Number of protein chains: 2
Amino acid sequence: MRHYFQDKSVNLSKRERTRSLLIDGAISAIAEHGLEGASIKEITTIAGLSNGTFYNHFEDREEVFRLATMSIAQELADDIAEMVADVDDGIARIVISTNTFIERAVSASDWGAMIVDAVHYLGDVRQDVATHLRADIALAMKRGDISEMPDRFQIHQIVALIALAIEAQLDGGKSKSINFRTCEAVLRLLGLSPTKAQRAVAAHLT
Amino acid sequence: MRHYFQDKSVNLSKRERTRSLLIDGAISAIAEHGLEGASIKEITTIAGLSNGTFYNHFEDREEVFRLATMSIAQELADDIAEMVADVDDGIARIVISTNTFIERAVSASDWGAMIVDAVHYLGDVRQDVATHLRADIALAMKRGDISEMPDRFQIHQIVALIALAIEAQLDGGKSKSINFRTCEAVLRLLGLSPTKAQRAVAAHLT
DNA sequence: TCCATAATTGAGAGTACTCTCATTTTTGAA
DNA sequence: TTCAAAAATGAGAGTACTCTCAATTATGGA
């Protein structure tokens with residue numbers, strides 16, 4: 001994942017390729033030192049470019065951080081959308097999406113670290129997750145599995161639990177149990193009883 | 001709250017009084033610019049002291065941050081312990097503690113902002129909350145209201161929800177509804193059904 | 001191949017921060 | 001009141017960072 005955007009841009013214009021190098025570099029740097037600690041020097045060194053090139057592509061630090069976050073969010077969203085494309089049960093979609101999102105973020109550890117950081121600083125990320133979640137919940141409501149559409153605050157609660165699950169696994173190593181329990185917790189927050197939540201998770205994750 | 005530790009140390013030694021001034025200053029600075037953004041210059045300016053004095057009292061930034069966080073945590077813990085001293089129902093204690101903690105943190109907004117920041121950086125804070133929570137949960141288990149003692153990860157989930165509630169109110173203004181729903185969410189995570197959680201919150205908060 | 005345009009380079013100006021230390025000021029016990 | 005010890009001061013050394021820009025190098029269409 002360290003060269004993800006670089007690889008993806010391999011037959012685009014030079015401008016795009018360099019941009020991608022810098023975005024990959026920014027992700028590594030942020031994963032290592034956090035949004036506030038990542039320096040432009042570090043980003044360009046990782047990218048194998050010189051300091052000045054950065055400003056040929058981005059206005060300032062803020063811009064590359066925003067772009068890098070959005071790029072990751074988009075990639076993960078696409079990945080997950082494909083994963084649940086043929087699942088038509090809302091609860092199942094919520095469980096599978098949540099689990100997949102966390103798994104992917106943990107596996108691509110730079111991405112995970114960046115997401116955890118971004119959730120604390122950038123409200124956009126939360127809104128992004130919210131959009132996808134809402135669609136799945138609407139589906140579950142049609143079936144009567146969930147009775148009320150959660151508001152913005154409840155979505156934030158769910159996002160906080162997901163970020164925590166990623167953080168815990170980046171610190172302590174991969175753990176299926178953490179994923180299971182996070183999915184259960186999400187369903188509990190959405191109003192399922194503990195028993196139903198547990199059954200739903202057991203049914204859709206292995 | 002801006003001069004809390006200063007006021008509290010008013011008849012201690014000069015050394016203690018200056019220390020308290022600096023801790024109050026550190027809290028304000030961190031609330032304003034975050035743990036990473038708060039500079040020593042800013043802390044000493046707020047305290048009305050000169051730059052060098054800081055190093056007469058603390059080894060480095062890290063030390064004052066740790067001390068300031070622990071001081072706040074201790075004060076809040078004492079405050080809440082007193083509040084629930086004569087409540088012998090575990091669920092009630094959990095609800096009242098959670099609500100009081102969030103309310104206090106939001107009212108003393110510098111403290112709240114610092115706690116939100118510290119939760120993300122310092123594991124200690126989570127452990128601190130954990131200790132108090134565990135006692136209340138043990139009480140609720142004796143009565144059969146909760147069936148399993150939550151492990152470290154579940155405690156972290158609860159702490160994350162509490163931090164989110166504080167953050168939301170620091171951004172958007174005080175809101176009883178956020179407190180209610182956070183208490184409900186905490187009880188749901190602890191295994192209560194949505195109905196029971198709602199009743200418990202309604203019974204103990206007004 | 002040629003060459004206008006685009007991209008990259010790296011030195012450095014400007015800024016901000018942490019921490020040290022010789023000096024000055026304050027404190028409080030005798 | 002006196003004065004040794006304690007505390008506070010602020011200039012500045014050392015470091016690190018952001019962003020600019022004139023100069024250099026690479027690119028790709030004709």
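Predicted model, so just to flag it, every value in this text is computed and none were measured. Numbers given for residues are sequential positions, taken from 1 along each chain in its written order. Chain letters and ligand numbers both follow the written order, the letters beginning at A and the numbers at 1. Where totals are concerned, whole chains, interfaces and linings use all residues; where local detail is concerned, this predicted model gives features only for residues with pLDDT of at least 70, and gives and counts side-chain atom pairs only at 80 or more. Water and hydrogen atoms play no part in the side-chain values, which are based on all heavy atoms of the structure.

1. Considering the domain arrangement of chain A
Residues and elements named next belong to chain A.
Okay, so step 1: Start and end points for every domain follow an automatic or database-based domain assignment. Segmenting chain A into domains produces domain 1 (4-58) and domain 2 (66-205).
Okay, so step 2: On the domain 2 side, the residues contacting the 13 residues of domain 1 number 12 residues.
Okay, so step 3: Accessible area that two parts lose when put together, with a 1.4 Å probe and added across both, is what the buried area reports. In this assembly, domain 1 packs against domain 2 so that about 1100 Å² is buried in total across both faces, 72% of it on carbon and sulfur atoms.
Okay, so step 4: A side-chain nitrogen of Lys or Arg and a carboxyl oxygen of Asp or Glu constitute a salt bridge if their distance falls within 4 Å. In this structure, the salt-bridge partner of lysine 8 is glutamate 75, at a minimum N-O distance of 2.6 Å.
Okay, so step 5: Numbering of helices and strands runs from the N terminus, with a helix taken as a DSSP run of H or I at least four residues long and a strand as a DSSP run of E at least two residues long. Of all the secondary-structure elements, those providing two or more residues to the side of domain 1 that touches domain 2 are α1 (4-8) and α2 (14-37). For this analysis, residues touch if any pair of their heavy atoms sits within 4.5 Å.

2. Focus: the protein's contact with DNA strand D
Okay, so step 1: Being near a molecule or strand, for a residue, comes down to having at least one heavy atom within 4 Å of it. Near DNA strand D there are 17 residues, and of these Asn51(A), Thr18(B), Ser50(B), Thr53(B) and His57(B) occur at the shortest range.
Okay, so step 2: Considering the 4 Å shell around the protein, atoms of DNA strand D inside it are sugar or phosphate in 67% of instances.
Okay, so step 3: Contact distances for DNA strand D include 3.1 Å between a phosphate oxygen and a backbone N or O atom of Ile40(A).
Okay, so step 4: The contact in question runs from a phosphate oxygen of DNA strand D to an N or O atom on the backbone of Ser50(B), over 2.8 Å.
Okay, so step 5: Residue assignment for the surface near DNA strand D shows that the elements contributing at least two residues are α2 (14-37) and α4 (54-57) of chain B.
Okay, so step 6: Residue contributions to the surface near DNA strand D peak at three residues, all from α2(B). By the criterion applied in these results, polar contacts are pairs of N or O atoms within 3.5 Å in which, for protein atoms, one can donate a hydrogen and the other can accept it, and in which residues neighboring in sequence qualify only through two side-chain atoms.

3. Re helix α10 (residues 176-189) of chain A
Three or four residues apart is the spacing at which side chains of an α-helix point the same way, because the helix has 3.6 residues per turn.
Okay, so step 1: Expected span of a helix, by definition, is 1.5 Å for each gap between consecutive residues, and there is one gap fewer than residues. Taking 1.5 Å as the rise per residue, α10(A) with 14 residues should run 20 Å; its terminal C-alpha atoms sit 20 Å apart, in good agreement.
Okay, so step 2: Using a 1.4 Å probe on the protein chains alone, a residue whose accessible area is under 20% of its type maximum counts as buried, one over 50% counts as exposed, and one in between counts as partly exposed. The element α10(A) is largely enclosed, with a buried count of 10 among its 14 residues.
Okay, so step 3: Looking only at α10(A), the buried set comprises Ile178(A), Asn179(A), Thr182(A), Cys183(A), Glu184(A), Ala185(A), Val186(A), Leu187(A), Arg188(A) and Leu189(A).
Okay, so step 4: The secondary structure elements touched by the buried residues of α10(A) are α6 (90-107), α9 (152-172) and α11 (194-204) of chain A together with α9 (152-172) and α10 (176-189) of chain B.
Okay, so step 5: Looking at the residues trailing α10(A), positive phi occurs at Gly191(A), about 105 degrees.

4. Overview of the protein's contact with DNA strand C
Okay, so step 1: Around DNA strand C, the structure places 17 residues, and the nearest of them are Thr18(A), Ser50(A), Asn56(A), His57(A) and Asn51(B).
Okay, so step 2: Take the atoms of DNA strand C that sit within 4 Å of the protein: sugar and phosphate atoms are 67% of them.
Okay, so step 3: At a separation of 2.9 Å, a phosphate oxygen of DNA strand C approaches a polar side-chain atom of Thr53(A).
Okay, so step 4: One of the side-chain N or O atoms of Asn51(B) is found 2.7 Å from a base nitrogen in DNA strand C.
Okay, so step 5: Of all the elements in the fold, those that place two or more residues in the surface near DNA strand C are α2 and α4 (54-57) of chain A.
Okay, so step 6: If one sorts the elements of the surface near DNA strand C by residue count, α2(A) sits on top with three residues.
Okay, so step 7: Only Asp, Glu, Lys and Arg are considered charged, only Ala, Val, Leu, Ile, Met, Phe, Trp, Tyr, Cys and Pro nonpolar, and every remaining residue, Gly among them, polar. Taken together, the residues that form the surface near DNA strand C break down as three nonpolar, nine polar and five charged.

5. Considerations on the interface of chain A and chain B
Reports of interface size often rely on the accessible area that becomes lost once the parts have come together.
Okay, so step 1: Facing 27 residues of chain A, the contacting portion of chain B comprises 27 residues.
Okay, so step 2: Buried area between chain A and chain B, summed over both chains or domains, comes out near 2100 Å², and the portion from carbon and sulfur atoms is 59%.
Okay, so step 3: The tally of links between chain A and chain B comes to four salt bridges.
Okay, so step 4: The tally of links between chain A and chain B comes to six residue pairs in polar contact (both at pLDDT 80 or more).
Okay, so step 5: Elements supplying a minimum of two residues to the side of chain A that touches chain B: α2, α7 (109-121), α9 and α10 of chain A.

6. Focus on the confidence of the model for chain A
Detailed reading of predicted coordinates is not advised where the pLDDT is low.
Okay, so step 1: For chain A, mean pLDDT is 93; residues scoring 70 or higher make up 100% of the total.
Okay, so step 2: pLDDT expresses how confident the predictor is about each individual residue, on a scale running from 0 to 100. Ranking the elements of chain A by mean pLDDT puts helix α8 (residues 123-142) of chain A last with 85 and α10(A) first with 98.

7. Structural notes on the side chain of Glu42(A)
Residues and elements named next belong to chain A.
Okay, so step 1: Tracing the chain through its elements places glutamate 42 in helix α3 (residues 40-47).
Okay, so step 2: One polar contact links glutamate 42 to histidine 33, side chain to side chain, over a distance of 2.9 Å.
Okay, so step 3: In contact with glutamate 42, not counting residues within four places along its chain, are Ala29, Glu32 and His33.

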